[in-house]
Amino acid sequence: METNKTFTMIKPDAVANGHIGAILDHITKGGFKITALKYTYLSPEKAGEFYAVHKERPFYADLVKFMSSGPIVAAILEKENAVADFRTLIGATDPSKAEAGTIRALFAKSIDANAVHGSDSDENAAIEGSFFFSAFEKF
Ligand code: CMP
């Protein structure tokens, strides 16, 4: 299992608010190399599939609705200790609890519209990266 990759999405709120460039800048300045990148859209079916792990959670329906409300940017990122370091860079899931200077503290408005997703384990990073990218799209 690779320990130097993670997966991220810039969510519909951050895309709609014009933050793609600023967020990618934070990511690269944080020491991450972008090894795959895609500007795309999740249908409700695809969003439901991506977040299937949360199917039983009370926020699942709202999460699927929100994640299919507009385009997103998907990316695979490379750095030593990528999963943990990226979660530090983005801050807590709830932006009101995110440390100052983190991506969510800077760009997120609420726990639903929280600007970015970051994988929570090496295993999920691999699964989520392959959800969006074929072998020919990973560099
Ligand atoms: P993300 O890291 O993309 O993973 C699941 C998402 O569910 C999470 O970010 C939040 O945007 C959203 N969510 C909404 N409510 C909650 C909650 N109570 N706990 C965790 N995630 C939540």
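In this text the structure is predicted, and so the values were computed from the model without any measurement. (Residues numbered from 1 in each chain as written. Predicted model: local features only at pLDDT ≥ 70, side-chain atom pairs only at ≥ 80, totals over all residues. Heavy atoms only, no water.)

Engineer: What exactly am I supposed to notice about the pairing of strand E3 (residues 72-78) here?
Structural biologist: Of all 7 residues in E3, 6 are buried; the element is thus mostly enclosed. As defined by bridge partners, strand E1 (residues 5-10) adjoins E3 across 6 bridges and the pair is classed as antiparallel. Residue Thr-6 lies in a different strand from E3, and its bridge partner there is Leu-77. The pairing of strand E2 (residues 33-40) with E3 spans 7 bridges and is antiparallel. Its bridge partner lying in E3, Ile-34 is registered against Leu-77. (Buried < 20%, exposed > 50% of the residue type's maximum accessible area, 1.4 Å probe, protein only. Helix = DSSP H or I, 4+ residues; strand = E, 2+ residues; numbered from the N terminus. Pairing = 2+ DSSP bridges.)

Engineer: Looking at this structure, I do not really get the sheet that holds E3. What am I missing?
Structural biologist: Two pairing modes exist for strands in a sheet, parallel and antiparallel, and in both the strands are linked by backbone hydrogen bonds. Taken in spatial order, the 4 strands of this open sheet run E2-E3-E1-E4, and their pairing is antiparallel. In this open sheet, the two strands that pair with only one neighbour each are E2 and strand E4 (116-118). Direction aside, neighbouring strands of the sheet carry axes that sit 15° apart on average. (Axes fitted to C-alpha atoms, helices over the stretch in contact; angles between N-to-C directions.)

Engineer: Can you help me understand helix H2 (residues 20-29) in this one?
Structural biologist: Two residues of an α-helix separated by three or four positions point the same way, owing to the 3.6 residues in each turn. Residues of H2 that are buried: Ile-23, Leu-24 and Ile-27. For H2, the buried positions fall inside an angular range of 100° around the axis, keeping them on one side. Positive phi appears at Gly-31, one or two residues downstream of H2, with a value of about 95°. (Arc of directions from axis to C-beta.)

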